[in-house]
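# Descriptive structure summary
The primary structure of each chain is shown beneath.
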Amino acid sequence: MSHAGPNAAASARPSTGDPGAASEAPKSWRDVVAAYVGLTKPRVIELLLLTTVPVMFFAERGIPPLGLVAATVVGGALSAGSASAYNCIYDRDIDEQMRRTRRRALPRHIVSPVSALVFATVLAVLSTVVLALWVNWLSAALSVLANAFYVFVYTMLLKRRTTQNIVWGGLAGCFPALIGWTAVTGELAWTPVVLFLVVFFWTPPHTWALALRYREDYRNVDVPMLPVVKPATEVGRQVVIYSWVMVATSLLLWPVAGTSLVYPVAAAVLGAVFLVEAHRMWKRAKGSEALTDINPMRLFHASNLYLSLLFVAVALDPLLGR
């Protein structure tokens, strides 16, 4: 298996015939701005902030100060964008060969690696300054730790070496729950740890569903995602196991945090729907290896909706359950 670093394919071009694999000159300043924004992976940022702000509402037991929310959102977005940009720099060799990623700015050579590195570093510094000055030092430290974990542990150490890459590498995406809580309270507690674990157990089913859809891409670049090295039926089994643990963990918030009935009812309903989808995908995988039969993106989209609505319930519980 190849463990080539980010420079391994800097001068090589895959023989795909795809125009997106060739160098492109930006047509205007808008193209350049769009390219830099793309480096931050905005959809990932949206998902991370969705697990930050609701926790702030829960920690405040109401509506937190809007200035604090704004500072936390800005600092968190800058930090997540920085981590994503570093990831794009390191993975540009494999991004250039994968259908899902070859249209990114670095594979298209709209942004140079040096410029992207400067951009990522500036975002990291700004995020730390914003969180340290306008939120608190604990939240800033957690943000730096999440950024470093995603870059050094997941991207550089785990991703190209083990099927457990996303299981442990996914820890970085769990930190927003802690950051949202500490932004309001200034300290850690068991409540955000439960939500941290919900995201931790949610990440493998979410990511493996996507990786199953693009397993040939990952196979072609020697990234050992679970769907690459195991048959679809085993992926489905693992998805079901993690899904059950995720739902059970989500229900722990009720006794641990003393929520009203709003949250556990929502968590139980959402969890039941998710488990049905997970079991259905596993059943489809038992009968076929064809992606058109398995339809893993159905579970992927369901996982996004599940996490979004679960954390909306976290935010609404103190408002509606009084």
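Only a predicted model underlies this, so the values are computations on that prediction, with no experimental measurement involved. (Residues numbered from 1 in each chain as written. Predicted model: local features only at pLDDT ≥ 70, side-chain atom pairs only at ≥ 80, totals over all residues. Heavy atoms only, no water.)

### Details of the overall build of the protein chain
Just so we agree on the cut-off: Here a helix means four or more residues in a row that DSSP labels H or I, a strand means two or more in a row labelled E, and each is numbered from the N terminus. Exposure categories follow from relative accessible area, calculated using a 1.4 Å probe and restricted to protein chains: below 20% of the type maximum is buried, above 50% is exposed, and the middle band is partly exposed. When checking whether two residues touch, look at their non-hydrogen atoms; a contact exists if any pair is within 4.5 Å. The Shrake-Rupley method, run with a 1.4 Å probe, gives the accessible areas here. Residue values count only the displayed protein chains as cover.
Each helix and strand counted, the protein chain has 16 helices and zero strands in total. Overall, the protein chain is about 60 × 55 × 30 Å in size when its C-alpha atoms are taken along their principal axes. Burial status across the protein chain gives 53% buried among its 322 residues. Expressed as a percentage of contacts within the protein chain between residues at least 6 apart in sequence, the contacts between residues at least 24 apart total 76%. For the protein chain, the exposed surface amounts to about 14,200 Å²; the carbon and sulfur share of it is 67%.

### So, the nonpolar core
The tendency in soluble globular proteins is for nonpolar side chains to be buried as a group. To keep it simple, the criterion reads: Residues belong to one nonpolar core when they are buried, are Ala, Val, Leu, Ile, Met, Phe, Trp, Tyr or Cys, and are joined through side-chain atoms within 4.5 Å.
Among the nonpolar cores identified, the biggest contains 69 residues, and W208, Y218, M246 and Y306 are the most heavily contacted of them. In terms of residue count, the dominant contributor to this core is helix α10 (residues 190–213) (13 residues). In this structure, L39, Y86, V111 and A120 belong to the second largest nonpolar core, which totals 14 residues.

### A word on the environment of S139
Along the chain, the position of S139 falls in helix α7 (residues 137–158). Relative accessible area serves as the criterion here: at 0%, S139 is assigned to the buried category. Between the C-alpha atom of S139 and that of G169, which follows or precedes it by 30 residues, the distance is 20 Å.

### Some remarks on helix α9 (residues 175–185)
Where burial is concerned, most of α9 is hidden: nine out of the eleven residues are buried. Of the residues making up α9, those classed as buried are F175, P176, A177, L178, I179, G180, W181, T182 and A183. Contacts from the buried residues of α9 go to α2 (42–50), α3 (53–60), α4 (66–90), α7 and α10. At the C-terminal side of α9, G186 shows a positive phi close to 80°.

### Considering the packing of α10 against helix α16 (residues 296–320)
For clarity, the threshold we go by: Axis lines are fitted through C-alpha atoms, for helices just across the contact stretch, and the angle between N-to-C directions can take any value from 0 to 180 degrees. What sets the label is the angle itself: under 35 degrees gives roughly parallel, over 145 gives roughly antiparallel, 65 to 115 gives roughly perpendicular, and the rest give oblique. Helix crossings get a hand from a simple test, with the near helix turned counterclockwise from the far one by less than a right angle marking a left-handed crossing and a clockwise turn marking a right-handed one. By the convention adopted, Pro, Cys, Tyr, Trp, Phe, Met, Ile, Leu, Val and Ala count as nonpolar, Lys, Arg, Asp and Glu as charged, and the other residues, Gly among them, as polar.
Their axes nearest at 7 Å, the elements α10 and α16 cross at an angle of 160°. On the basis of their axis angle, the class for α10 and α16 is roughly antiparallel. Remark: the crossing between α10 and α16 carries left-handed chirality. Contacts between α10 and α16 involve L195, V198, V199, W202, P205, H206, A209, L210, L212 and R213 from the former and P296, M297, L299, F300, S303, N304, Y306, L307, L310, F311 and V314 from the latter. Its residues assigned to classes, the contact of α10 with α16 comprises 17 nonpolar, three polar and one charged.

### Quick notes on the environment of L291
Topologically, L291 is positioned in helix α15 (residues 291–294). Distance in space between the C-alpha atoms of L291 and R215 is 9.8 Å, their sequence separation being 76 residues. Sequence-distant contacts of L291, that is, excluding residues within four places in its chain, are made with L212, R213, R215 and P296.

### Structural notes on the pattern of salt bridges
Rule in force here: Note on definitions: salt bridges are taken to be side-chain nitrogens of Lys or Arg within 4 Å of carboxyl oxygens of Asp or Glu.
Per the counting criterion, the structure on display carries ten salt bridges. One salt bridge in this structure joins E277 and R280, with 4.0 Å as the shortest N-O distance. Taken together, the residues span about one helical turn, with E277 and R280 both in helix α14 (residues 262–287) at a distance of three residues. Looking at E277, the relative accessible area reads 10%, which means it is buried. Taking the relative accessible area as the measure of exposure, R280 reaches 45% and is therefore partly exposed. Here the salt bridges share partners, and the residues they tie into one network are D91, D93, K159 and R160.

### Some words on a nonpolar patch on the surface
Threshold: Note that patches include only residues with greater than 30% relative accessible area and no salt bridge, and the join distances are 9 Å for like charges and 5 Å for nonpolar side chains (Val, Leu, Ile, Met, Phe, Trp, Tyr).
A contiguous nonpolar patch, built from I63, L66, L305, L309, V312, L316, L319 and L320 and spanning about 730 Å² of accessible area, is present on the exposed surface. Among the elements that make up the nonpolar patch, the one with the highest residue count is α16 (six residues). Along the chain, L66 falls in helix α4.

### Regarding the environment of A290
Checked against the element boundaries, A290 lands in the loop between α14 and α15. Look at A290 and you get partly exposed, because its relative accessible area is 30%. In sequence terms A290 and Y150 are 140 residues apart; their C-alpha atoms lie 32 Å from each other.

### Focus: the confidence of the model for the protein chain
We apply this condition: Scored between 0 and 100, pLDDT is the confidence that the predictor attaches to each residue.
Per-chain confidence: the protein chain averages 91 in pLDDT, with 91% of residues scoring 70 or above. Note that residues 1–22 has pLDDT below 50 and, in this model, 43 contacts with residues that lie over four places away or in other chains.

### Observations regarding the side chain of T155
Filter applied, for reference: Two N or O atoms form a polar contact when they lie within 3.5 Å of each other; inside protein one atom must be a possible hydrogen donor and the other a possible acceptor, and for residues adjacent in sequence the pair counts only when both atoms belong to side chains.
Tracing the backbone through its elements, the reader meets T155 in helix α7. Of the polar contacts made by the side chain of T155, one reaches the side chain of N87; its length is 3.0 Å. Here the side chain of T155 touches Y150 through a polar contact of 2.9 Å, landing on its backbone oxygen. Once residues lying within four places of it in the same chain are set aside, the contact partners of T155 are N87, Y90, D91 and Y150.

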